[in-house]
Amino acid sequence: MAARGVAVAGPVTVLAPPAVGDQVRLRIRAMAAGGAGVADLSDGRAAFVHRTAPGDLVEARVTRLKPRWGHAELLQVVEPGPGRVQAPCPRYAACGGCTLQHLSYAEQLAWKRRFVADALLRIGGVEAPVPVVEPSPDRTRYRNRVTFTVLRLGGGRIVAGFHALGHPERVVDAGWDCLLPEPALTTVWKALRVACDNGRVLPTGRELRVTLRALEDGVALLVKGGSDGWDPGPLLERVRGLVAVWHQPGDAPTARRVAGGVAHEVWGQERVPMSGHAFLQVNRGAAGALAAHVLGQAPAPGRAVDAYCGIGVYGRALARHGWIVEGIEFDADACAGARHGAPAGFRVREGRVEDLLPDTLPADLVILNPPRTGLDERIPPVLTGSRPSRIVYVSCDPATLARDVARLRGAFALEGLRCFDLFPQTSHVETVAVLSPVGGGR
């Protein structure tokens, strides 16, 4: 045996850097926030491989390379990792609608915890305890709103489903047995899909976006794309269960109701009219737990701002408990829904949060529920200047949450963190962050 530090003559194997198209064997060591497994290429670059699980030994083909990372396509699993399970959906290999069906549910929740904690540390510079993730009561059939892409091909043939994994220009036909929609949506979707195959019941156009939403009164349909002047009559004759139809032609900025009456949704004590595109959480059971947690962070009644309030789920509930609440919402239809039958003490202002927030402060409580892009850069300085006693930030993206928490650092400290699994089988996670002013609030 050669002594340490002594060179030994003989052949030396030098691994060449991988190239696009190479077939490689990889051991998956982690999960990325987008749902891909993470491994190391022979030259040290990280490789992202969808449909892989930590501990998997896989054969993959390199499809893309950058200076510090690359993408690879799974060819086969040589040895499965401990958290891998058989995905229940037969279209899972190709469909991009879900990303984590191949992980056990316990493994999904564990990695979602990591996604949030890692983003806060890496992006926000905040070292927080790994948060609890509240599981969803239902792991399939949980969505009360689903959007399908309808693509017309040659010869009158159509495909209707979700964009393909890694190939957004393609659409994987979902049939009518997708595991995501609530049963009521599945029933209507099946009838709609059959109607589409048997005739032109949707607006003309090569590509349409079709959203079904289950409401108290039935199912509402929103169709985006196609030309104006569409007559939904033939569709309503063939598809039972539709109570309202909305259409947003390709050149229109908003949707309008073209058939049916006003559809309503019940959320807690609130019954509000819904437009075709008003925002509401898609998972009823998990969203109820999230809302209860958010409202549980409210101190004794005072003045509150419900920013990005949508139809006013939080603001209306606070007002019923003695708060004076100003909601801020950009969408006109959502504002109308929020005002309908609203309790005394809840007022809604229509406009962008970054424009209206300065005039609604000071407040004791500010609830923030922004879109995936997070807060506009003008908002954190307004909050740090006003210093409300508590901020409750409801986030659907750990990266933008971490960025915004960093923007508020110095004036506010992270007091609490809890996650909710509103999107089982996907990499998405909803997070509620509670922030309190450093040195006391107003």
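So, a few notes on the structure that sits alongside this text. (Residues numbered from 1 in each chain as written. Predicted model: local features only at pLDDT ≥ 70, side-chain atom pairs only at ≥ 80, totals over all residues. Heavy atoms only, no water.)

As for unusual backbone geometry
Here is step 1: A cis amide bond links L361 with the next residue in sequence, P362, at an omega value of 10°.
Here is step 2: Inspection of the secondary structure assignment puts P362 in the loop between α7 (353–360) and β20 (365–368).
Here is step 3: In this model, R387 sits at a positive phi of 55°, which is unusual for a non-glycine residue.
Here is step 4: Along the chain, R387 turns up in the loop between α8 (379–386) and β21 (390–395).
Here is step 5: The class for R387 is partly exposed, based on a relative accessible area of 22%.
Here is step 6: We note that Q425 has phi near 75°; this positive angle belongs to a residue other than glycine.
Here is step 7: With respect to the helices, strands and loops of the structure, Q425 is situated in the loop between β22 (412–420) and β23 (430–437).
Here is step 8: Residue Q425 is classed as buried on the basis of its relative accessible area, which comes to 10%. (Helix = DSSP H or I, 4+ residues; strand = E, 2+ residues; numbered from the N terminus. Buried < 20%, exposed > 50% of the residue type's maximum accessible area, 1.4 Å probe, protein only.)

Let's talk about helix α9 (residues 398–408)
Here is step 1: Considered for burial, the residues of α9 that qualify are P398, T400, L401, A402, D404, V405 and L408.
Here is step 2: Buried-residue contacts for α9 involve α1 (105–122), α8, β21, β22 and β23.
Here is step 3: Its side-chain oxygen placed 2.9 Å from the backbone nitrogen of A399, D397 serves as the N-cap of α9.
Here is step 4: G410 sits one or two positions beyond α9 and adopts a positive phi of about 105°. (Contact = heavy atoms within 4.5 Å. Polar contact = N/O pair within 3.5 Å; in protein donor to acceptor, adjacent residues only side chain to side chain.)

Some remarks on the packing of aromatic side chains
By convention here, two paired aromatic rings are described through the distance between centres and the angle between planes.
Here is step 1: According to the stated counting rule, one finds 3 aromatic pairs in the structure shown.
Here is step 2: Where F48 meets W69, the ring centres are 6.4 Å apart and the plane angle is 70°; that geometry is what we call edge-to-face. On the criterion of sequence distance, the pair formed by F48 in strand β4 (residues 46–49) and W69 in strand β6 (residues 69–79) is long-range, its members being 21 residues apart.
Here is step 3: Judged by its relative accessible area of 25%, F48 is partly exposed.
Here is step 4: On the accessibility criterion, W69 (29% relative accessible area) is partly exposed.
Here is step 5: Each ring, one from F148 and one from F162, has its centre 5.2 Å from the other, and the planes form 40°; the classification is tilted. Linking F148 in strand β8 (residues 145–152) with F162 in strand β9 (residues 158–164), this pair joins segments that are 14 residues apart in sequence.
Here is step 6: The class of F148 is buried, set by a relative accessible area of 1%.
Here is step 7: Since its relative accessible area comes to 13%, F162 is described here as buried.
Here is step 8: Members of the aromatic cluster, connected to one another through ring pairs, are F148, F162 and W189. (Phe/Tyr/Trp six-rings, centres within 6.5 Å; stacked < 30°, edge-to-face > 60°.)

So, the pattern of salt bridges
Here is step 1: Under the criterion given, the structure shown has 24 salt bridges.
Here is step 2: The salt bridge partner of R25 is E59, with a shortest N-O separation of 2.7 Å. Remark: E59 occurs in strand β5 (residues 57–65) and R25 occurs in strand β1 (residues 23–27); sequence separation between them is 34 residues.
Here is step 3: Relative accessible area serves as the criterion here: at 52%, R25 is assigned to the exposed category.
Here is step 4: Taking the relative accessible area as the measure of exposure, E59 reaches 11% and is therefore buried.
Here is step 5: As a salt-bridge pair, D355 and R378 come within 3.5 Å of each other at their nearest N and O atoms. Residue D355 is located in helix α7, and its partner R378 is located in the loop between β20 and α8; the two are separated by 23 residues in the primary sequence.
Here is step 6: Taken together, the salt bridges that share partners define one network made up of E354, D355, D376 and R378. (Salt bridge = Lys/Arg side-chain N within 4 Å of Asp/Glu carboxyl O.)

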